[in-house]
Every structure is written in C-alpha cells, then in structure tokens.
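Okay, here's what each chain looks like letter by letter:
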Amino acid sequence: MFRNLMLEEKKLEKVLVARYKDTRAASKGLKSNNVIYKRIENDRIHTNFLRVIPATIVLVIIEVCGMIWSLLANPLFNHRQTFALSCLVFIIISVAFISIVERVLKVPELNNEKKRRVYILYWLIYMTEALSFATMEYMDNKTMNNYMVFLIVFSLLPILETLPKTLLFAIAMAWELINIFLGGADLQNILIVSGSTFAAFFVSYIRFYTYVDKKLTEKKLEYSANGDSLTLLSNRRGMREYLPLLQRYCTNNKLSLLVVMVDIDDFKRFNDKYGHVNGDICLKTVAESIQEFFMRPTDICVRYGGEEFSMFCALRNADTIVEHMLHFLDKIENTEIAEGLQHITVSIGIYVADKDDINLPVPELVERADKQLYNAKKSGKNCVSYMDKIYKNEKNIDKV
C-alpha cells in the first residue's frame, strides 16, 4: 500500500515539475521558438496595454476618494493644496494615456516592445504619484494608508514580468522606508512596510504565473482544435474562425488585407531524397521563419495543406510588402534545414484586398493569392509574384 502511495506521489511530482517548467518556458515566450509560448507573451503584453484604460478609471476614483478622505479626516492637513494639485496632474496624465492607447490600437504595425514601454511608463507615473501621497500622509500623521492602497492596486491590476515588477516594488519599499526614517524610525512601521511589500510582491508573482498557466491551458486546447500539430500554425479550421475577425478589424480601421501564399519548391523531391523525418524538419523550419516575419497579434499564419502556407495580415501601406517578402525569400534560401541537407527555396504569391474586396469569401481571397503563387511557380520558382509581376532576389534583376 505504502509503495503504491510512493509511486503515485512520484508520478504527481513529475507532472507538477513538468507543468512548472512548461509555465516557466511560456512566461519567456519571446525567447522561445514555440508558437504557443509566443502567442501567450503577445496576449499578456496586449492585455497589460489595454488595462491602462480600466486601471486609469479605477485609480482616478481611488485617488480622488483618498484625497477627500484625507482632507475630511484632518481639517488642519498641511498639504491639502499639494494633494489636490497632485491628483489633478495625475488625472490629466491618465486621460492623456487613455488617448494614447486608443490611438495606438489603430496602428496594427505597433510592436510589443513599444506597448511594453507605454504600460511600464504608465505604472511608473502612477507609482510616483501614489508614493508622493504616501510621503505627505506619513509626514503629517505617521499613517500608511496610501502606501497600502498602492500595494493592493499594484499587485492586482498589472500582470508584469519579474524584472520590472521587482524593480518597481523595490523602489516603492525603499521610498516608504526613507519616509519612516525621516519621520523618526519606528520599528513597528518598518516591519509592517517590509512584510506588506513582500506579501504584495508574492501575490503579484503568483498572479503572473497563474495567468501564464491559464493561458497555456487555453492555447493548448485552442491549438488542438484549430492548430496544426507539426508546425503549431493555425489549420484551415482556425483560419475560417479567425479570418472574419481580421476582416472586420481591417474594415473598421480602414486598412487593407494582405493575403500571402507560400509553397516550398520541389518539396516532394526533398522528401523522397532525405525521408519524411527531415521533411517534417523542413516544414517546421519554414513555419518558424514565417512566425518571425509575421508575429503581430493580428497576423494569421496557416498551414494550408502539405507544403503550402498562407498568411493574412492587416496592412496600412503595401509599398514595402514586396521588399519584405524578398527578405523572407533570402532568409529561407540561406537557412540550413539540418546538417548535410540541401538548402530549400520557396515561391510566394501576394494579393492585397482593398475596401470592398476585404470581405470577400475566404476561398475567393485564397484563390486570388493562389493565382499569384502559380505565376511565381511558372516563372522559375524562388520568387515573389504580386499583381502579375515577378520579383527576384538576383542582383541585376528586380522585375522580370
């Protein structure tokens, strides 16, 4: 009996360890080639970015109520004008941030790094304002209500990665400890500040990994139904589910819809020569390159069938798309599939749907891009076809 219990305990331990490692890997999605992990990281960054709007509303209400409560609780409060001015400045900055977020959401090209900078700057501004309140409060009556409110808000609203979160909590704790020492060192208050800060940090840390773990489960279920198990790109079912959302997004924001069809040149010959295992490695390599070139949250990357892939993207300006895809051609041509194997090339067909064409049925959109792909294949392969013109990466030939 005990032996069985020990075996079960070891099995459970293995499952938990594997799950923890999986979640850790997902939390570092941008450092991983795994598509699911990257999508989780994209979702987390986008969620943090969007939370600036509801967070602003909540924080303005909290700060105004805190200011009113402080003034009513202490009619002789020495900093009432500073309090009011600080709150007013924070409200103005917050409204500006809301307008920034709304404006930025209309720019599909915005990358994750810029979104991250926006929300980190937002929380830095809030922290500065909240800790200023905390300083005035402690210097006047030796209480720490504003600091505790800051800890609660900061541990519950943002889902920050470990490094910025640790730095911001460390700065906050150091700030409040300096207030305590300047106001006459009180051991009890030092212990309260230290303990509550570590508790808030722990809650924030748990929330981060709970969020990642939940998203990991959701994405795995989603990919099991809508994803291709080999490449981890979407399958046709996923394409049919996600594409109408992208079409609506393009229509609402007056953007074009880019449809790209990619086919691996002479893949059957490669498969016959090197075997199916290396053929699968080849498909995965191309899929990873596609993810590197089409990594925005709005981009839809699909394994359309066999060695054929399709991508659907919101597009503001079509002028640089050919150049972008020529870079993709070059990358594929210079990528080593595996040691000792020949390099591969791909052919690309591009169709850009404008205005009324955006809402065409999926088969018709794919057919128009597929027509350009056929043109590329017919024109010698390893090239891009756009509007019936052929573009190659050769030094002396831009158009044929």
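Right, let's walk through the structure included here.

## Things to note about the overall build of the protein
- Helix and strand content of the protein: 13 helices and six strands.
- A burial count over the protein gives 47% of its 400 residues as buried.
- At a minimum sequence separation of 6, the contacts of the protein that also span at least 24 residues come to 72%.
- A total of about 21,000 Å² of accessible surface is found on the protein, and carbon and sulfur atoms cover 61% of it.

## A short note on the sheet that holds strand S1 (residues 256-264)
- Read from one edge to the other, the open sheet built from six strands follows the order S2-S3-S1-S4-S5-S6, with strand pairing classed as mixed. Either end of the sheet is taken by a strand with one partner, and the two such strands are strand S2 (300-305) and strand S6 (389-391). Taking the axes of each pair of neighbouring strands and ignoring which way they run, one obtains an average angle of 20° across the sheet.
- When S1 meets strand S4 (residues 346-353), the two strands line up antiparallel, connected through eight bridges.

## Topic: the pattern of salt bridges
- On inspection of all chains with the given rule, the structure shows 14 salt bridges.
- A salt bridge links Lys-215 to Asp-43; the shortest N-O distance between them is 3.9 Å. Linking Lys-215 in helix H8 (residues 187-226) with Asp-43 in helix H2 (residues 35-50), this pair joins segments that are 172 residues apart in sequence.
- Overall, the relative accessible area of 21% leaves Asp-43 in the partly exposed class.
- Where Asp-266 meets Arg-269, a salt bridge forms, and the shortest distance between an N and an O atom there is 3.9 Å.
- In this structure Asp-266 comes out as partly exposed when scored by relative accessible area, which is 33%.

## Focus on the pairing of S4
- A large share of S4 lies buried, amounting to eight of its eight residues.
- Side-chain alternation along S4 places Val-346, Ile-348, Ile-350 and Val-352 on one buried face and Ser-347, Gly-349, Tyr-351 and Ala-353 on a second face that is also buried.
- Across three bridges, S4 lies against strand S5 (residues 384-386) in parallel orientation. Opposite Gly-349, over in S5, you have Ser-385 as the bridge partner.
- Once the chain exits S4 it traverses helix H13 (residues 362-378) before rejoining the sheet at S5, and the crossover so formed is left-handed.

## Overview of helix H6 (residues 145-156)
- Compared with an ideal rise of 1.5 Å per residue, which puts 12 residues at 16 Å, H6 spans 17 Å between its outermost C-alpha atoms and is within 8% of the ideal.
- Restricting attention to buried positions, one finds in H6 the residues Asn-146, Tyr-147, Phe-150, Leu-151, Val-153, Phe-154 and Ser-155.

## Quick look at the packing of helix H5 (residues 112-141) against helix H7 (residues 162-182)
- At a minimum axis distance of 10 Å, the contact between H5 and H7 shows a crossing angle of 15°. The angle between the axes of H5 and H7 places the two elements in the roughly parallel class. The two elements H5 and H7 meet at a crossing, and its hand is right-handed. Every residue of H7 that contacts H5 at Ile-120, Leu-124, Met-127, Thr-128, Leu-131, Ser-132, Ala-134, Thr-135, Tyr-138 and Met-139 is listed here: Pro-164, Leu-168, Ile-171, Ala-172, Trp-175, Glu-176, Asn-179, Ile-180 and Leu-182.
- Residues belonging to the contact of H5 with H7 are distributed by class as follows: 14 nonpolar, four polar and one charged.

## Description of helix H10 (residues 267-274)
- Buried residues of H10: Phe-267, Phe-270, Asn-271 and Tyr-274, and no others. Taken end-on, H10 shows its buried residues confined to a sector of 100°, consistent with a single buried face. The outward face of H10, more than 90 degrees from its buried face, is lined by the exposed residues Lys-268, Arg-269, Asp-272 and Lys-273.
- Two residues or fewer after H10 comes Gly-275, characterised by a positive phi angle close to 95°.

## As for the pairing of S1
- Of all the nine residues making up S1, nine are buried; the element is thus mostly covered by neighbouring parts of the structure.
- Neither face of S1 is exposed, since Ser-256, Leu-258, Val-260, Val-262 and Ile-264 on one face and Leu-257, Val-259, Met-261 and Asp-263 on the opposite face are all buried.
- Two strands pair when backbone bridges link them, and S1 and strand S3 (residues 308-315) are joined in this way by eight bridges, in the antiparallel orientation. Paired with Ser-256 across the strands is Leu-315, a residue of S3.

## Considering the packing of helix H11 (residues 276-293) against helix H12 (residues 321-333)
- The contact between H11 and H12 brings their axes to 11 Å, and the two run at 150°. When the axes of H11 and H12 are compared, the pair comes out roughly antiparallel. Crossing of H11 against H12: the hand is right-handed. Residues Val-286, Ser-289, Ile-290, Glu-292 and Phe-293 of H11 form the contact with H12, whose participating residues are His-324, His-327, Phe-328, Lys-331 and Ile-332.
- Grouping the constituent residues of the contact of H11 with H12 by class yields five nonpolar, three polar and two charged.

The rules behind each value
- Residues numbered from 1 in each chain as written.
- Predicted model: local features only at pLDDT ≥ 70, side-chain atom pairs only at ≥ 80, totals over all residues.
- Heavy atoms only, no water.
- Helix = DSSP H or I, 4+ residues; strand = E, 2+ residues; numbered from the N terminus.
- Buried < 20%, exposed > 50% of the residue type's maximum accessible area, 1.4 Å probe, protein only.
- Contact = heavy atoms within 4.5 Å.
- Areas by Shrake-Rupley, 256 points an atom, 1.4 Å probe, with all protein chains shown as cover.
- Pairing = 2+ DSSP bridges.
- Axes fitted to C-alpha atoms, helices over the stretch in contact; angles between N-to-C directions.
- Salt bridge = Lys/Arg side-chain N within 4 Å of Asp/Glu carboxyl O.
- Right-handed = clockwise from strand over helix to strand, strands pointing away.
- Expected span 1.5 Å × (residues − 1).
- Parallel < 35°, antiparallel > 145°, perpendicular 65-115°, else oblique.
- Left-handed = near helix turned anticlockwise from the far one by under 90°.
- Nonpolar A, V, L, I, M, F, W, Y, C, P; charged D, E, K, R; others polar.
- Arc of directions from axis to C-beta.

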